Amino acid sequence: MNIQKDSSPCAKQPPAGYVRLADIAPGIVQDMRYAGVENFLGRPVPGYRAPCCWLRQEAAAALKAAHEEAAAEGLRLVVYDCYRPPAATAAFIAWSQDPADQKMKAEYYPQLDKKDLFELGYIARQSTHTTGLAVDLAFEGFDFGTPFDLFDDKSNTADPRVAGAARQNRDRLVALMTKYGFENLPHEWWHFTYKGVSDPVPVDFEVA
Ligand SMILES: C[C@@H](N)C(=O)N[C@H](C)C(=O)O
Ligand SMILES: [Zn+2]
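What counts, and where the lines are drawn
Residues numbered from 1 in each chain as written. Chains lettered and ligands numbered in written order. Predicted model: local features only at pLDDT ≥ 70, side-chain atom pairs only at ≥ 80, totals over all residues. Helix = DSSP H or I, 4+ residues; strand = E, 2+ residues; numbered from the N terminus. UniProt positions renumbered as here; feature names shortened; annotations may be inferred. Buried ≥ 20, exposed ≤ 12 C-beta atoms within 10 Å, placed from the backbone. Contact = placed C-beta atoms within 7 Å. Pairing = 2+ DSSP bridges. Axes fitted to C-alpha atoms, helices over the stretch in contact; angles between N-to-C directions. pLDDT = per-residue confidence, 0-100. Near = placed C-beta within 6 Å. Nonpolar A, V, L, I, M, F, W, Y, C, P; charged D, E, K, R; others polar. Expected span 1.5 Å × (residues − 1). Arc of directions from axis to C-beta.

So what exactly am I meant to see when it comes to the environment of Gln126 here?
Looking at where Gln126 falls in the secondary structure, it is placed in the loop between helix 4 (105–108) and strand 5 (134–139). Spatially, the C-alpha atom of Gln126 lies 8.2 Å from that of Thr89, the residues being 37 residues apart in sequence.

Below, the structure is given as structure tokens:
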């Protein structure tokens, strides 16, 4: 008998219309920050029961094509967030309203008051991540001027203080992702939403 064991931490099959990125583009590195402690909450975020990138099939196919072009140029994409469950957004909102918890301030929002992060556009109440069409990503090992999820003006994609190699890397990432149908969020150099579907619908399930 041929029993196949799935050794991936992503045990569950995503719902209809979604795919596990690892199944279609295993060369893309997954550093799923909200499933662990290395994020602006400093703890695993509700809704992420496993460190897995789930995306709408159309967005995943476009990301795979972008990665193939990057790989041909010797680069590797690394993703930090993909589909985001509503439970995670609820946890982000609750966190922003708890002034007693400033554990990650120095690392993630040193210049800002966390209660303002939604109004300033760094975190969304209705995120395109929840439609399975958004992805937070970078070229692995490259300097982008600020780290992923640093909530600061300097993370705005076009911030004029970001020059040299970091500027080139931001511009190259935007050019690559735009070519494959994604749109960058001007507030954050790492956030892209796939625009090639006519029915972006938020859904509610846990990533497992
Ligand atoms: C929180 C950050 N990684 C992000 O994705 N921000 C945008 C605005 C979002 O929440 O959709
Ligand atoms: Zn994002």
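From this point, things continue past the structure.
Where do I start with the UniProt feature "site: Transition state stabilizer" (unreviewed entry) in the chain in this structure?
According to UniProt, the "site: Transition state stabilizer" (unreviewed entry) feature falls on Arg84. Of note, Arg84 is situated in the loop between strand 4 (77–81) and helix 3 (86–96).

Help me understand unusual backbone geometry, please; the structure alone is not making it clear to me.
Glycine aside, negative phi is the norm for most residues, and most peptide bonds take the trans geometry. Of note, the phi angle at Asp149 is positive, near 65°, even though the residue is not glycine. Mapped onto the fold, Asp149 is located in the loop between strand 5 and helix 5 (164–179). Judged by the 23 C-beta atoms lying within 10 Å of it, Asp149 is buried.

Looking at this model, I keep getting lost on the UniProt feature "binding site: Zn(2+)" (unreviewed entry) in the chain. Mind explaining?
Within this structure's numbering, the places UniProt gives as "binding site: Zn(2+)" (unreviewed entry) are His129, Asp136 and His191. Across 63 residues of sequence, these annotated residues stay compact in space, with a maximum C-alpha separation of 9.4 Å. Relative to the helices and strands, His129 is located in the loop between helix 4 and strand 5. With 23 C-beta atoms packed within 10 Å, His129 lands in the buried category. Those residues in contact with His129, other than ones at most four positions away along the chain, are Asp81, Tyr83, Arg84 and Ala134. Counting through the fold element by element, His191 comes out in strand 7 (residues 188–194). What makes His191 buried here is the crowd of 26 C-beta atoms within 10 Å.

What exactly am I supposed to notice about the sheet that holds strand 4 here?
In sheet architecture, strand pairing relies on hydrogen bonds along the backbone and comes in two forms, parallel and antiparallel. Ordered by their spatial adjacency, five strands build an open sheet running 2-4-5-7-6, and the pairing between neighbours is mixed. Every interior strand has two partners, whereas the edge strands, strand 2 (29–30) and strand 6 (182–185), have only one. With four bridges connecting them, strand 4 and strand 5 associate as antiparallel partners. Counterpart to Asp81 in the pairing with strand 5 is Asp136. Strands strand 5, strand 6 and strand 7 of the sheet are contacted by helix 5, whose axis makes an angle of about 145° with strand 6.

Explanation requested: the confidence of the model for the chain in the structure shown.
Where the model shows low pLDDT, its predicted coordinates should not be examined in detail. The share of residues in the chain with pLDDT of 70 or more is 96%, and the mean pLDDT across the chain is 95. For this predicted complex, the interface score ipTM comes out at 0.99, while the overall pTM is 0.96.

Looking at this model, I keep getting lost on the pairing of strand 7. Mind explaining?
Regular strands place their side chains on alternate faces of the sheet. Of all seven residues that make up strand 7, six are buried, and the element is covered over most of its length. Strand direction decides the pairing type here: strand 5 and strand 7, joined by three bridges, are antiparallel. Note on strand 7: the bridge partner recorded for Ala134 is Thr193. Looking at chain direction, strand 6 and strand 7 are connected through four bridges and run antiparallel. Looking at strand 7, one finds that Asn184 is bridged to Phe192.

Just to check I follow, could you spell out the site of ligand 1 for this structure?
Close to ligand 1 lie Asp81, Tyr122, Ile123, Ala124, Ser127, Thr128, His129, Asp136, Asp149, Leu185, Glu188 and His191. Here the shell around ligand 1 is composed, by residue class, of four nonpolar, four polar and four charged.

Looking at this structure, how should I read helix 2 (residues 57–72)?
In an α-helix, one turn spans 3.6 residues, which is why side chains three or four residues apart end up on the same side. End to end, helix 2 covers 23 Å across 16 residues, agreeing with the expected 22 Å (1.5 Å per residue, within 8%). Every buried residue belonging to helix 2 is among Ala59, Ala60, Ala62, Leu63, Ala66, His67 and Ala70, and all of these are buried. In an axial view of helix 2, the angular spread of the buried residues amounts to 160°, which keeps them on one side of the axis. For helix 2, the exposed residues lying more than 90 degrees away from the buried face are Glu68, Glu69 and Ala72. Downstream of helix 2 by a residue or two, Gly74 has a phi angle that is positive, lying close to 85°.

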